Amino acid sequence: MDWNGDINVNLLMAKSKVAPLEDLSRRKKKQSTPRLELSAALLLAHLYETVSTSMAIKAKSFFWTDSTIVKCWISSHPSRWQAFVANRVSEIQHVTKGGVWNHVPGIENPADIISRGSTPAQIANNSLWWDGPEWLKKDTQYWPASTHVPEQQFDSVTLEERPLVSAVLHILPPNEIFTLRSSLLSLIRLTAWMRRFLFNCKPRNKFQRKSGILAATEHEEALLVLVQLAQSESFPLELSDLALKNEVRSTSKLRSLNPVMIECILCVGGRLGNAPISRRRKHPMILDSRHPLTKLVVSDYHHRLLHAGPQLMISCIRERFWPLNVRNLARKVTHECVKCFRVKPRVNEQLMGDLPLERVSPAPAFQRVGIDYCGPFELQPSTRKCAPTKCYLCLFVCMVCKAVHIEVVMDLTTAAFLAALKRFVARRGRPIEIFCDNACNFVGARRQLNELQRMFHQQQLQEHLSAEAAQDGITFKFIPAKSPNFGGLWEAAVKSLKAHMKKVIGNRMLKPDEMSTVVAQIEACLNSRPLTPLSNDPNDLKH
């Protein structure tokens, strides 16, 4: 449309394709006319994609076809048709997404000119080929009406509709009584009141009418009625088999439970008939986990046990009921409980930052170490009258290879830590950097080390050996306050140490020499851990 409102129609690009011939040698039959029309529509879609991409056209697009079957195919979901039609319809719908497919009469279709064959002289003076139909230059209201063609006029062979296989399964919905209340106790009370009303309405019970509050026996009878009704809906075949031949068929899901009928209730069998326990525990009532009554039972136990977890719920439920697949149902009830979710919400896992430079830079063992304390542990006194003494374990963890060195410390003073540090230096060498948390003993040790280092530097300056003195200094680095994640390396070592201590020592008190022996053995175990994952292939080399 130009500035004056006139509509101009011009041919930009045209493309045609020769129809394939029948090949008897390869057993390829000649394509039907609707399939050829569908291939032509796919060719049009690809041509439109090329033109719209090169010219950056974003306006609404209209597509025309003179085949009502093709229009019916494109307007439906590809899954309805067979493979040949479905693949091409899916491609057409993807390429021409947002476009409108209309029907054009065959005599006004310009595509028939090239498909039927024409000479150059005929095409040169053919306005339908170059300018399209006359109504295309007018408003959309003058376009041919795109009438809807019902699919009933085409047979299934022509439409190539994919055959559908369906099976009719008659499923009875649960009784409406199970949806009247949201808790098991309310449902039992409702059933008990209904049973009392029916009992009082019978003429033969005229002089035995019940009144007052509900008795415990009425509650029990109402529960048994509900269980019996639920079992009749969930296990009709099993109930009929037990009534006829006193056993269920081999394909039944209750076969492994050896079910039996006790007072018209389907119960678990077993070999506990002579056990000195109650009958309800020897033969719990079977329930289907998909039945609404089963969910009410599990929810009732969940609230009765003060929002207990799945394991405790299952243990208590099976004292009277035996729901199938109860573990998944118990987890579902716990997961859907609002109070349980609020008390124990899901913790968001934060994306950890990059490892510090000291963790990823190659260095000799114990050149950069992290320190943490573990304890206290009680030591056996030398004499019986003395009280037990406390000791602590100071862990030195290599920041590079995670090697562990453990020292026994008798108290939390700065002097005790400095003594442990001197023993560590004497055995492992002087470290360059020490990383630790903001414990008071560590802070005090840093102050004293800084003073010693300054004094040492001043002495070496007097002797003009400052360069050599700088190599003997120790640098302390503290992690940020209230940020234990920065010290995860030595915290993990403390966890491993405590695991060995609990399993080996337990609650016993050791003598000082025994504690030193156990600590040395645990240190050897921790330092014997493999550095790389173990392979299951026996042919791999062992390093």
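For the structure itself, consult the block above.
Residues numbered from 1 in each chain as written. Predicted model: local features only at pLDDT ≥ 70, side-chain atom pairs only at ≥ 80, totals over all residues. Heavy atoms only, no water.

Undergrad: Looking at this model, I keep getting lost on the nonpolar core. Mind explaining?
TA: Generally speaking, soluble globular proteins have nonpolar side chains that are buried together. Membership of the largest hydrophobic core comes to 30 residues, with the highest contact counts inside it found for Phe-178, Leu-187, Leu-226, Val-227, Leu-293, Val-297 and Phe-321. For this core, the secondary structure elements donating two or more residues are helix 8 (184–201), helix 9 (216–234), strand 4 (265–267), strand 5 (285–287), helix 12 (292–304), helix 13 (310–317) and helix 14 (326–336). Look past the residues within four positions of Val-227 in its chain and what remains in contact with it is Ile-265, Met-285, Leu-287, Leu-293 and Phe-321. By size, the runner-up hydrophobic cluster in this structure holds 24 residues, among which are Phe-377, Leu-395, Leu-489 and Val-494. (Core = buried A, V, L, I, M, F, W, Y, C linked by side-chain atoms within 4.5 Å. Buried < 20%, exposed > 50% of the residue type's maximum accessible area, 1.4 Å probe, protein only. Helix = DSSP H or I, 4+ residues; strand = E, 2+ residues; numbered from the N terminus. Contact = heavy atoms within 4.5 Å.)

Undergrad: I tried to follow a nonpolar patch on the surface on my own but got confused; where do I start?
TA: Taken together, Leu-12, Met-13, Met-55 and Ile-57 make up a surface patch of nonpolar side chains, about 410 Å² in accessible area. Relative to the helices and strands, Met-55 resides in helix 1 (residues 33–55). Residue Met-55 is classed as partly exposed on the basis of its relative accessible area of 49%. (Patch = residues over 30% accessible without salt bridge, like charges linked within 9 Å, V, L, I, M, F, W, Y side chains within 5 Å. Areas by Shrake-Rupley, 256 points an atom, 1.4 Å probe, with all protein chains shown as cover. Salt bridge = Lys/Arg side-chain N within 4 Å of Asp/Glu carboxyl O.)

Undergrad: Is there a simple way to explain the side chain of His-405 in this structure?
TA: Here His-405 shows up in strand 9 (residues 404–409). On the accessibility criterion, His-405 (1% relative accessible area) is buried. Among the polar contacts made by the side chain of His-405, one reaches the side chain of Glu-407 at a distance of 2.6 Å. Apart from residues no more than four positions distant in its own chain, His-405 is found in contact with Phe-366, Cys-394, Leu-395, Phe-396, Phe-424, Arg-427, Arg-428 and Glu-523. (Polar contact = N/O pair within 3.5 Å; in protein donor to acceptor, adjacent residues only side chain to side chain.)

Undergrad: What should I look at first to understand the pairing of strand 7 (residues 368–379) in this one?
TA: Moving residue by residue along a regular strand, the side chains alternate between the two faces of the sheet. Bridging between strand 7 and strand 10 (residues 433–436) involves four bridges; their strand directions are parallel. Within strand 10, the residue paired with Arg-368 across the bridge is Glu-433. With nine bridges connecting them, strand 7 and strand 8 (residues 389–398) associate as antiparallel partners. Paired with Tyr-373 across the two strands is Cys-394, which belongs to strand 8. (Pairing = 2+ DSSP bridges.)

Undergrad: Please clarify how the pairing of strand 1 (residues 62–65) should be interpreted in this entry.
TA: Across the two faces of strand 1 the burial differs, with Phe-63 and Thr-65 buried and Phe-62 and Trp-64 not buried at all. Sheet analysis places strand 1 next to strand 2 (residues 100–103), joined by four bridges and oriented parallel. Looking at the pairing, Phe-62 lines up with Val-100 of strand 2.

Undergrad: What is the right way to read helix 10 (residues 236–245) from this model?
TA: Turn by turn, an α-helix covers 3.6 residues, leaving residues three or four places apart pointing in a common direction. Of the residues making up helix 10, those classed as buried are Glu-238, Asp-241 and Leu-242. Buried residues of helix 10, viewed axially, fall in a sector of 95°; they line one side. Counted as exposed and oriented over 90 degrees from the buried face of helix 10: Ala-243 and Leu-244. Among the structural elements, strand 3 (260–262) and strand 4 are those in contact with the buried residues of helix 10. One or two steps after helix 10, the chain reaches Asn-246, where phi turns positive at roughly 60°. (Arc of directions from axis to C-beta.)

Undergrad: Quick question: what am I supposed to make of the packing of helix 1 against helix 3 (residues 83–95) here?
TA: In a pair of packed helices, the angle between the axes and the distance between the axes together describe the arrangement. Direction vectors running N to C along helix 1 and helix 3 enclose 25°, while the axes themselves pass 9 Å from each other. Between helix 1 and helix 3, the crossing angle belongs to the class labelled roughly parallel. Taken as a pair, helix 1 and helix 3 cross one another with a handedness that is left-handed. For the pair helix 1 and helix 3, the contacting residues are Arg-35, Leu-38, Ser-39, Ala-41, Leu-42, Ala-45, His-46, Tyr-48 and Glu-49 in the first and Phe-84, Val-85, Arg-88, Val-89, Glu-91, Ile-92 and Val-95 in the second. (Axes fitted to C-alpha atoms, helices over the stretch in contact; angles between N-to-C directions. Parallel < 35°, antiparallel > 145°, perpendicular 65-115°, else oblique. Left-handed = near helix turned anticlockwise from the far one by under 90°.)

Undergrad: What exactly am I supposed to notice about the environment of Val-397 here?
TA: Summarising the element assignment, Val-397 is placed in strand 8. On a C-alpha basis, the gap between Val-397 and Val-369 in space is 5.2 Å, while along the polypeptide they are 28 residues apart. The residues contacting Val-397, other than those within four sequence positions of it, are Arg-368, Val-369, Gly-370, Lys-402, Ala-403, Leu-489, Trp-490 and Ala-493.

Undergrad: For this particular structure, what's the right way to read unusual backbone geometry?
TA: Across residues other than glycine, the phi torsion is negative in most instances, and most of the peptide bonds are trans. The phi torsion at Cys-264 lies on the positive side, around 65°, for a residue other than glycine. Counting through the fold element by element, Cys-264 comes out in the loop between strand 3 and strand 4. Given a relative accessible area of 52%, Cys-264 falls into the exposed group. Even without a glycine there, the phi angle at Phe-366 is positive, about 65°.

Undergrad: Looking at this structure, I do not really get the packing of aromatic side chains. What am I missing?
TA: Describing an aromatic ring pair means giving the distance of the ring centres and the angle of the ring planes. Per the stated rule, a full pass over the model turns up four aromatic pairs. Between the aromatic rings of Tyr-48 and Phe-63, the centroid separation amounts to 5.0 Å while the plane-to-plane angle is 85°, which identifies the pairing as edge-to-face. Taken together, the residues Tyr-48 in helix 1 and Phe-63 in strand 1 connect sequence positions 15 residues apart. The exposure class of Phe-63 is buried, given its relative accessible area of 3%. Between Phe-366 and Phe-424 the ring centres are 5.6 Å apart and the planes differ by 75°, which places this aromatic pair in the edge-to-face class. With a gap of 58 residues between them, Phe-366 in the loop between helix 16 (357–360) and strand 7 and Phe-424 in helix 17 (residues 414–428) connect regions that are remote in the sequence. Taken together, Tyr-48, Phe-63 and Trp-101 form an aromatic cluster joined through their ring pairs. For the cation-ring pair, Arg-304 lies above Tyr-301, with the distance from its terminal atom to the ring centre recorded as 4.8 Å. Just above the ring of Trp-322 sits the side chain of Arg-318; from NZ or CZ to the centre is 4.4 Å. (Phe/Tyr/Trp six-rings, centres within 6.5 Å; stacked < 30°, edge-to-face > 60°. Lys NZ or Arg CZ within 6 Å of the ring centre and 35° of its normal.)

Undergrad: Help me out: how do you make sense of helix 17 in this one?
TA: Here helix 17 is 15 residues long and its end C-alpha atoms lie 21 Å apart, about the 21 Å a rise of 1.5 Å per residue gives. What helix 17 keeps buried is the set Thr-414, Ala-416, Phe-417, Leu-418, Ala-420, Leu-421, Phe-424 and Val-425. Of the residues flanking the end of helix 17, it is Gly-429, one or two places downstream, whose phi is positive at about 100°. (Expected span 1.5 Å × (residues − 1).)

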